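Chains, contacts and geometry: an overview
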Amino acid sequence: MASRFRFGARGGSGARPGRAAGLPALPLAAALLTATVGLYITLVAFGNITDFDTNRQFVRHVLTMDTTFKDPDLMWRAITSHTLQDIAYVLIIAWETVAALILIVAVVAWAAGLRGRAGLGRARRLSTVGLLMVLLLFGAGFMAVGGEWFAMWQSKAWNGLDAAARNFVVAGLVLVLVHLPGANESAD
């Protein structure tokens, strides 16, 4: 019974190594994990759109730097204009939304490829673009710009570095999986 579900084992069904239920293991994993990141960033964007004010306050506090150590050598970086803060927040939401849409299309492409109706190259390319967008958002946007430039690391109340690092690592691992040899193999 167990061999039927093990990836890479020949079960009584005559499945080739690396396959379960007729699907290649790496492309299936890439599809499912791309779908997971896509679902996550979709829910993040949806939450920011439908509950606009909650994370707007987060962005405002980070950009204002009002809960940092208030070192005069750093405070010149603070952005106190609500208009500029809101523009930054809307740009973040737009970026999240585009990344979510790209990842959703990537999942559809993975599904078509796994069903043998298309190759997996398009799915891999779309996943790469969407995952890189997530990596840039959380790595460059939140960790570098928010964490270092606006000294978010100094804030006990408005510090999103742990969540940003977690999202960065997950998206990075999925990107590596998408590019492993064999992840471009389609189902027969």
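Source: prediction; values computed, not measured.

Considerations on the environment of Val174
Tracing the backbone shows Val174 in helix α6 (residues 161-178). Residue classification places Val174 among the buried positions, given a relative accessible area of 4%. Here Val174 is in contact with Leu33, Thr34, Val37 and Leu131, once residues within four sequence places are set aside.

Structural notes on the packing of helix α2 (residues 25-50) against helix α4 (residues 82-114)
The N-to-C vectors of α2 and α4 enclose an angle of 150°; their axes lie 8 Å apart at closest approach. Our classification of the angle between α2 and α4 gives roughly antiparallel. Of the two possible hands of crossing, α2 and α4 adopt the one that is left-handed. Its residues assigned to classes, the contact of α2 with α4 comprises 20 nonpolar, five polar and one charged.

Considering the environment of Leu43
Relative to the assigned elements, Leu43 resides in helix α2. A sequence separation of 53 residues divides Leu43 from Glu96, and the C-alpha atoms of the two residues are 9.5 Å apart.

Structural notes on a nonpolar patch on the surface
On the surface, a cluster of nonpolar side chains totalling about 350 Å² of accessible area is made up of Trp76, Val145 and Trp149. Locating Trp149 in the fold gives a position in helix α5 (residues 121-149). By relative accessible area, which is 38% here, Trp149 ends up partly exposed.

Regarding the packing of α5 against α6
Across the interface, α5 lies against α6 with an axial gap of 9 Å and an inter-helix angle of 155°. The angle between α5 and α6 falls in the class roughly antiparallel. Note on packing geometry: the crossing formed by α5 with α6 is left-handed. Residues Arg124, Ser127, Thr128, Leu131, Leu132, Val134, Leu135, Phe138, Gly139, Phe142, Met143 and Gly147 of α5 touch α6, and the partners they reach there are Leu161, Ala164, Ala165, Asn167, Phe168, Ala171, Gly172, Val174, Leu175 and Val178. Residue classes in the contact of α5 with α6 are distributed as 15 nonpolar, six polar and one charged.

Quick notes on the rules
- Each chain has its residues counted from 1, running along the sequence as written.
- This being a predicted model, a pLDDT of at least 70 is required before a residue's local features are given, and a value of 80 or more before pairs of side-chain atoms are given or counted; all residues contribute to the totals for chains, interfaces and linings.
- With hydrogens and water excluded, all non-hydrogen atoms of the structure serve as input to the side-chain values.
- What counts as a helix is a DSSP run of H or I of at least four residues, what counts as a strand is a run of E of at least two, and both are numbered from the N terminus.
- Here the term buried applies to any residue with accessible area under 20% of the maximum for its type, exposed to any over 50%, and partly exposed to those in between, with areas from a 1.4 Å probe on protein chains only.
- Here a residue-residue contact requires only that any non-hydrogen atoms of the pair lie within 4.5 Å.
- To define axes, lines are fitted to C-alpha atoms, for helices over the stretch in contact only, and angles between the resulting N-to-C directions are given on a 0 to 180 degree scale.
- Oblique is the label for any angle not covered by the other classes, which are roughly parallel (under 35 degrees), roughly antiparallel (over 145) and roughly perpendicular (65 to 115).
- Whether a crossing is left-handed or right-handed is set by the direction in which the near helix is turned from the far one by less than a right angle, anticlockwise for left-handed and clockwise for right-handed.
- Here the term charged refers only to Asp, Glu, Lys and Arg, the term nonpolar to Ala, Val, Leu, Ile, Met, Phe, Trp, Tyr, Cys and Pro, and the term polar to all other amino acids, Gly among them.
- Each patch groups residues whose relative accessible area exceeds 30% and which form no salt bridge, using 9 Å between like charges and 5 Å between nonpolar side chains of Val, Leu, Ile, Met, Phe, Trp and Tyr.
- The Shrake-Rupley method, run with a 1.4 Å probe sphere, supplies the accessible areas, and residue values consider only the shown protein chains as cover.
- For salt bridges, the criterion is a side-chain nitrogen of Lys or Arg within 4 Å of an Asp or Glu carboxyl oxygen.

This is a description of form; function is not addressed.
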